[in-house]
Each structure stands twice: as C-alpha cells, then as structure tokens.
Amino acid sequence: MSNSEIAGIFENLYNILSIDEKTKFEALAYQRVARELQSMPDDVSDLYDKYGIGGLMKIPGVGKGIAQHIIEYLKTGKIEKYEKIKSEYPIDFKDLFRIEGLGPKKAILLYKKLGIKNLNDLKKAAEEHKIADIPGFGKKSEELILKNISMLASLHGRILLAQGLNEARKIISYLTKSDFIDRCFIAGSTRRMKETLGDIDILATSKDSKKTMDLFINFEDARSVMIKGETKTTILLSTGVTCDLRVINDASFGAALQYFTGSKDHNIKIRKIAIGNNYKLNEYGLFYNDSNIAASKDEKFIYNRLNMDYIPPEMREDRGEIELALQHRIPELISLNDIKGDLHLHTKESDGLNTTEEMVNAALEKRYEYIAMTNHTKNLKIAHGIGDQDFIKYFDTVDKLNQKYKIKILKGAEVDILKDGSLDLKDETLGQMDCVIASVHMNISMEKEDMTQRVINAIKTGKVNILGHPTGRLINKRSSYEIELDEVSKYCEKYKTALEINSSPERLDLNDENILKTSKYNVYYSINTDSHNIYGYDFMELGVGTARRGWLGKEKVINTMDLNGLMKFLKK
Ligand code: DGT
Ligand code: CA
Ligand code: CA
Ligand code: ZN
C-alpha cells in the first residue's frame, strides 16, 4: 500500500510548512490530501496505473502539483522536495505527537533549541530539566511531559479493544472453518471488553489438538510462534500483540471459560467462595467430593451452584459485583439490541467523509429509528467547523431527507464549549436544533477548578442535551483533562444533560470507572459513535461494552428510548 506511506510524507510536509505564515496554505493542502489518502479504499498506484495523472487528480484536494509528487513517489520511492526539507528537520513527529499538547510548532522549537528528534530525546531533556527554560514551555509543562511519558511507558504493549476484537474474530472464523474444531470462544480481557488488552485469549474444543495448533500457527497474521504445546500455543500477531489459544476438553468448557475469562481478582474471590461451600473450582470443573458436578455445564451453572446470580463478563473485575451477585441483585445490563439510534455523527459539512444521505442509508441498515447529525462548529477550524448560517442552510437538506426516508433525522451540532463556557453558536441557531452536543476541544490544559466551571457554565445555558466525550482522554495518547465529574454530574442532573459514552475506539469516554462514579447521581447517558464515515457505526458495541463495564441498564441510556420518549427528553 502506497497510500499510507505517501500520506505520512504529506503529513510531515504539513507539520514543517505550517509553522511559516508564507507556506501555511500549501501546508493545509498537503494535510487535506494526507487525510483523504488514509481513508480512501483504492490504492493510489492502482489509480495511477489505470487512469494516469487524471485519476490522481480526481482525489479531492489533489491538484497538478501534488499529483506530480505522488507520481514521483510511485516511480522513485521518494519525493525530492520532502527529502530536502527532512534533512533540515529530521524530526519523528508521529512519535512526539503522542505527548499531549505537542504540535508542529513546539516540536520544531524543541529541535532547534535542544536537538530533540523523538520521545527518547524528549524524555532525556525533561529529566535533565532542560525543557522548563524554553520560551512557551515552563516548569509546569515540563512536569506534564514527564507524566505523559511515564503513562505511555506503562501502557506500552497494550492494544486497543477494537483492534483486539477484530483480530480475535478473524482468528475464530479462520479456526471454525476446519472440521476438527467444534467450539471456539473469546476469553480474557477481550471478553470483558476492557479498553486495552495485554494479549488475546481464545478457547477451543477439538477432536484433534495437534491439528488445531498446526492450523493456528499458520494464521495469516501470525508473525512468529512463541510457545507451541498440545494444550496452549502462543503466537505473535503482526499488530504486535500475542494470542493464546487453549484447546480444552468439551466436558470442562464452562469451567474453563469462567476461569480464562478472569479477571484474576474476580476468580480468586470466586474460588474462595467455592472453598467456603466445600467445593473446589478450577479450569477443569467444579468439584464436590472429587466428582466434577460442572461437567458439560455452562458458566451460569457454576455461579448458580455457588448461590450467586450469573455475572456478565464485563462486570468481572472484583469491584463489588460478587457481593451483589450473592444478594441476587445483579442488574439487567444494557445490550447492543437495545440501541435505537446514534446521536453523534459527522458529515462532509464539517470533517466527515460521507454525505448526510450516505450516513442515513447506513443507519437504515442498522435498523435505527433515529439519528442526529452533529457537525463541528466554527471554533474548531482543524475539523472545518461551520457557522450559524451554514447550519441553517444545512437544515433544509435534513428536512428534505426526512421527507424521503423512514428514519427520523435530528438536527444537531457538536458545538464547541469556548474558554469561558459559552457555546460557539447563536441561541437562535441552537433553538432550531433537536439535539445539541457540547464538547471541549480547544484550550484543554486548564486548572481543574476552571475546567469544571467552564463545563458547568455550558450546561447552565440550558441548551445542552449531551456533554460530548466528557474527559477528553485519548487512550494511550492523552490523559483526561482536569475536571471534577461529581460537580458536573450534579448540573447534568439539574439541567437534563446526558453524559456521553463516546464509542470511538481511542476515546471510550466516559470510561467504565467514570460511569460507575457518575451513576451515583440521577444522570442519563447517551452512547454514541461520533462516526466520521459510514463504517463508524460499527463501534457502537464498544460503547455498549463500556456501559456494561459501568453496570448500566438500558433505562439510563437515552438512545434506547423510542423516538417519542427521546424527543420528550431532548425538549428543553
Ligand atoms: P490482559 O491480557 O492483561 O488484558 O488481561 P487478561 O485478564 O486477559 O489476563 P491474561 O491473559 O493474563 O489471563 C487470562 C485469564 O486467565 C485471566 O483473566 C484469568 C485467568 N488467569 C490467568 N492467570 C491466572 C492466575 O494466576 N490465577 C487465576 N485465578 N486466574 C488466572
Ligand atoms: Ca489476555
Ligand atoms: Ca493470556
Ligand atoms: Zn468531539
């Protein structure tokens, strides 16, 4: 694939050229094309082979100059212009951008002053307290850099849930095609829908364990074999994560699934309870007087035998779920089937890749009753946010589509919460909307008190239906901004503002812990995908999984309501 390589080069050209006022617009053109290349399904080299330069110029944003660069790369593997600039600024931007608040300007300044090229250099300089003295940084940002680096290090090697689920499903469909494997299940943290995974765990029952393991090590994404045994084999996948496959006896399937789903802390407590009841529990079964009473039984049997409610995998973290199960008070959790619509979607009008009509058709395939189109507002320039006039004009498009399709398309926006907590659109414009999401995107490094007040001010306008990605964290990339969610929840309760559970793979925001924390209040949630294209809808399961990890039932989630109920909730 040449697309991502060329996109990487253009992204770097943007980084370097954007700091100079004279080349700013040129830089933006490169950035636009970089994004386009990353998301388009066709390979540029195919396009060029088939249609020549004209084919390349059909890519949005590609003019003759950029097309020439692409051709140069396809022919020589290099772009001369970039080689020259790169020798002046040999900076690993992608690496450095993993640090919150580090953009092109600061990265280049760090290189000029201290020769910093990558995270390793940055870490060394910060530890030697060389950063604090550079104009625009100071002591606080030096501390923040160190904090961020240590967070990245501690997360090293854990992959995102979306990636792991995808990989696990591919493996399972590959394995179950063979005729000697009977059953195949996901276990471990993937089954518990944890936001990041240390490795992938899969269980299988099979007539022929040796053949199963041979098949497994020949999986297309296997990079190398770490351990190969009859009952357990570990492979390293090309995504950098390992996968354990265990072949287990059909008769101990329930016990094995319970054991290998974890978590470890949950299992330790369950095993103690078993012992207290004169049982013995392990991965082979539940034993009473040395006979396995769980033979060929499922997990539910084991929990019930121990006088407990069945505990859904997402709850198994030893956060009080065992005590609840012993009192037969495990709540009925929300499930993907309960979701009736998606309330956070972007289209071409701001930074989405599809038209509204394309998004509508994809929603119909999900059998949704309603969706809300929520484009960015003008303050967020990098996402092509739009202003009041453009929203009003856009609503005509929505009206027409509402006539044409049997799904309710709600008019909305993801309006920026400005520094002082005011909203980035006029009251009249917001007044014409059905569903207003308000989010913090800019000026994110504020003191806790100020950020909390800023968000509360936004809620107090009385116009906000949903608080978008309430903590702003990006998994493995950026920690949450400083905010007191208890305080915010009190205002959400008072002003009927739902907290978002944003399902995009890097966000999952609110996360499980914050859901548990805020659900002490009488607040509602909205599980949204924040889709920027038609494929984004599929991430709903990640948000629902996160909600389940936060013990939520469907009655707390506004997009499980039917259209009438939802409209009543949204009415301000
Ligand atoms: P991860 O991979 O770090 O995201 O987390 P898990 O939970 O998938 O952990 P993993 O892969 O080490 O083990 C899978 C499950 O196997 C774990 O959730 C519980 C079970 N397990 C592993 N080691 C032990 C152990 O020493 N004691 C007990 N009770 N269970 C264990
Ligand atoms: Ca695991
Ligand atoms: Ca494992
Ligand atoms: Zn947003």
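Numbering of residues starts from 1 in each chain and follows the order in which that chain's sequence is written. Here chains are named by letter from A upward and ligands by number from 1 upward, in the order in which they appear as written. Totals for whole chains, interfaces and linings use all residues, but because this is a predicted model, local features are given only for residues with pLDDT of at least 70 and pairs of side-chain atoms are given and counted only at 80 or more. Heavy atoms throughout the structure, all of them, feed into the side-chain values; hydrogens and water do not.

Asker: What's the story with the layout of surface pockets in this structure? I'm lost.
Answerer: If a probe as big as a water molecule is rolled over the atoms, it shows which places are left empty. The calculated volume of the second largest pocket comes to roughly 340 Å³. If you go around the second largest pocket, you meet 18 residues; those closest to its centre are R192, T261, G262, S263 and K264. Elements supplying a minimum of two residues to the lining of the second largest pocket: α11 (188-191), α13 (253-261) and α14 (264-276). Comment: elements are numbered from the N terminus, with helices defined as DSSP H or I runs of at least four residues and strands as E runs of at least two. Take the lining of the second largest pocket: its biggest share by element is four residues, from α14. Only protein atoms enter the calculation, which uses a 1 Å grid: trapped sets of points that fit a 1.4 Å probe without letting it out are cavities, open sets showing protein on both sides within 12 Å along at least five of seven lines are pockets, and any residue with an atom within 4 Å of a point is a lining residue. Grid points are joined across faces, edges and corners, and a volume is the space filled by probe spheres set on the points.

Asker: Help me out: how do you make sense of the packing of aromatic side chains in this one?
Answerer: The description of an aromatic ring pair uses the distance of the two centres, along with the angle that the planes make with each other. The aromatic pairing rule takes the rings of Phe, Tyr and Trp, using the six-membered ring of Trp, and pairs them if the centres are within 6.5 Å, calling planes under 30 degrees apart stacked, those over 60 edge-to-face and the rest tilted. All chains considered together, the criterion is met by 11 aromatic pairs. Ring centres of Y524 and F569 lie 5.2 Å apart, and the angle between their planes is 65°; on these two criteria the pair is classed as edge-to-face. Placement of Y524 in the loop between α22 (512-518) and β17 (525-528) and of F569 in helix α24 (residues 563-570) is noted, with a sequence separation of 45 residues between them. In this scheme, the term charge over a ring applies when either NZ of a lysine or CZ of an arginine sits within 6 Å of the ring centre and within 35 degrees of the ring normal. Across from the ring centre of F137, 5.3 Å away, lies the NZ or CZ of K106, which sits over that ring. Positioned over the ring face of F287 is K280, at 5.4 Å from the centre of the ring.

Asker: Please explain the coordination of the zinc ion (ligand 4) as it appears in this structure.
Answerer: For a metal with four tetrahedral donors the ideal donor-metal-donor angle is 109.5 degrees, while six octahedral donors give ideal angles of 90 or 180 degrees. Donor atoms are limited to N, O and S found within 2.8 Å of the metal ion, a distance that becomes 3.2 Å for Na, K and Ca. With water left out, some sites might look partial. In this structure, E414 (OE), H441 (NE2) and H469 (NE2) serve as the protein donors to the zinc ion (ligand 4), at separations of 2.1 to 2.2 Å. One chain supplies every donor for the zinc ion (ligand 4), spaced along it as E-x26-H-x27-H. In this pair, E414 sits in strand β13 (residues 408-416) while H441 sits in the loop between β14 (435-439) and α20 (448-460), placing the two residues 27 residues apart along the sequence.

Asker: Explain empty space enclosed by the protein here, please?
Answerer: Applying the stated criterion to the full structure yields two cavities of 30 Å³ or more. As a volume, the largest cavity reaches approximately 60 Å³. Looking at the largest cavity, the residues that line it are A255, Q258, Y259, N267, R271, L281 and N282. When contributions to the lining of the largest cavity are tallied by element, the ones reaching two or more residues are α13, α14 and β8 (280-282). Of all the elements, α13 adds the most residues to the lining of the largest cavity, at three residues. Size it by volume and the second largest cavity reaches roughly 30 Å³. Around the second largest cavity sit M193, E195, L508, D512, T546 and R549, which together line it.

Asker: Any chance you could explain the coordination of the calcium ion (ligand 2) here in plain terms?
Answerer: Listed as protein donors to the calcium ion (ligand 2) are D199 (O), D199 (OD) and D201 (OD); their distances from the metal cover 2.1 to 2.8 Å. Site shape is set this way: if four donors have all angles between 85 and 135 degrees, tetrahedral; if opposite donors are over 155 degrees apart and all others between 65 and 115, square planar for four donors and octahedral for six; otherwise irregular. Each of the six donor atoms bound to the calcium ion (ligand 2) contributes to angles spanning 68 to 168°, and the resulting shape is irregular. Between the two metal centres, the calcium ion (ligand 2) and the calcium ion (ligand 3), the spacing is 3.7 Å, with D199 acting as a shared donor. Each residue gets one of three labels from its accessible area relative to the maximum for its type: buried under 20%, exposed over 50%, partly exposed in between, using a 1.4 Å probe on protein chains only. Taking the relative accessible area as the measure of exposure, D199 reaches 19% and is therefore buried. Residue D201 is classed as buried on the basis of its relative accessible area, which comes to 9%.

Asker: Would you mind showing me how to read the site of ligand 1 here?
Answerer: By convention in this text, a residue qualifies as near a molecule or strand provided that one of its non-hydrogen atoms is within 4 Å of it. Taken together, 16 residues surround ligand 1, and among them R158, S189, R192, G198 and D199 come closest. N or O atoms within 3.5 Å of each other form a polar contact, as long as, within protein, one can give a hydrogen and the other can take it, and as long as residues adjacent in sequence are counted only when both atoms are side-chain atoms. Take S189: an N or O atom from its side chain is 2.5 Å from an oxygen atom of ligand 1. With respect to ligand 1, the side chain of D201 contributes an N or O atom lying 3.0 Å from an oxygen atom. The Shrake-Rupley method, run with a 1.4 Å probe sphere, supplies the accessible areas, and residue values consider only the shown protein chains as cover. About the coverage of ligand 1: the protein hides 73% of its 600 Å² of free accessible area.

Asker: Sorry, what's going on with the side chain of T261 here?
Answerer: Along the chain, the position of T261 falls in helix α13. The exposure class assigned to T261 is buried, which follows from its relative accessible area of 0%. Any two residues having at least one pair of non-hydrogen atoms within 4.5 Å are treated as being in contact. Setting aside residues up to four positions removed in sequence, T261 forms contacts with A187, G188, S189, R191, R192, E299, P313 and R316.

Asker: Whenever I open this one, the nonpolar core confuses me. Can you help?
Answerer: A general trend in soluble globular proteins is that nonpolar side chains are found buried together. Here the nonpolar core consists of buried residues drawn from Ala, Val, Leu, Ile, Met, Phe, Trp, Tyr and Cys, with membership extended through side-chain atoms lying within 4.5 Å. Of all hydrophobic cores here, the largest spans 57 residues; its most connected members are I371 and I527. For I371, the contacting residues outside a window of four places in its chain are D342, L345, M359, V360, A363, I407, K408, I409, L410 and Y537. In terms of nonpolar packing, the next biggest core, distinct from the first, is built from 46 residues, F93, A107, L110 and I116 among them.

Asker: Please clarify how helix α18 (residues 388-404) should be interpreted in this entry.
Answerer: Residue pairs spaced three or four apart in an α-helix point in one direction, given the helix's 3.6 residues per turn. Between its first and last C-alpha atoms α18 spans 25 Å; for 17 residues at 1.5 Å apiece the expected length is 24 Å, and the two agree. For α18, the complete set of buried residues consists of D388, F391, Y394, F395, V398 and L401. Along the axis of α18, the buried positions cluster into a sector of 120°, meaning they face one direction only. Every exposed residue of α18 that faces more than 90 degrees away from the buried side is listed here: Q389, K393, K400, Q403 and K404. Looking at the packing, one finds that the buried side of α18 touches α17 (356-365), β12 (370-376), β13 and α19 (427-431). Expected span of a helix: the number of residues minus one, times 1.5 Å. Here the arc refers to the set of directions running from the helix axis out to each C-beta atom.

None of the figures reported here should be taken as evidence of function without further support.
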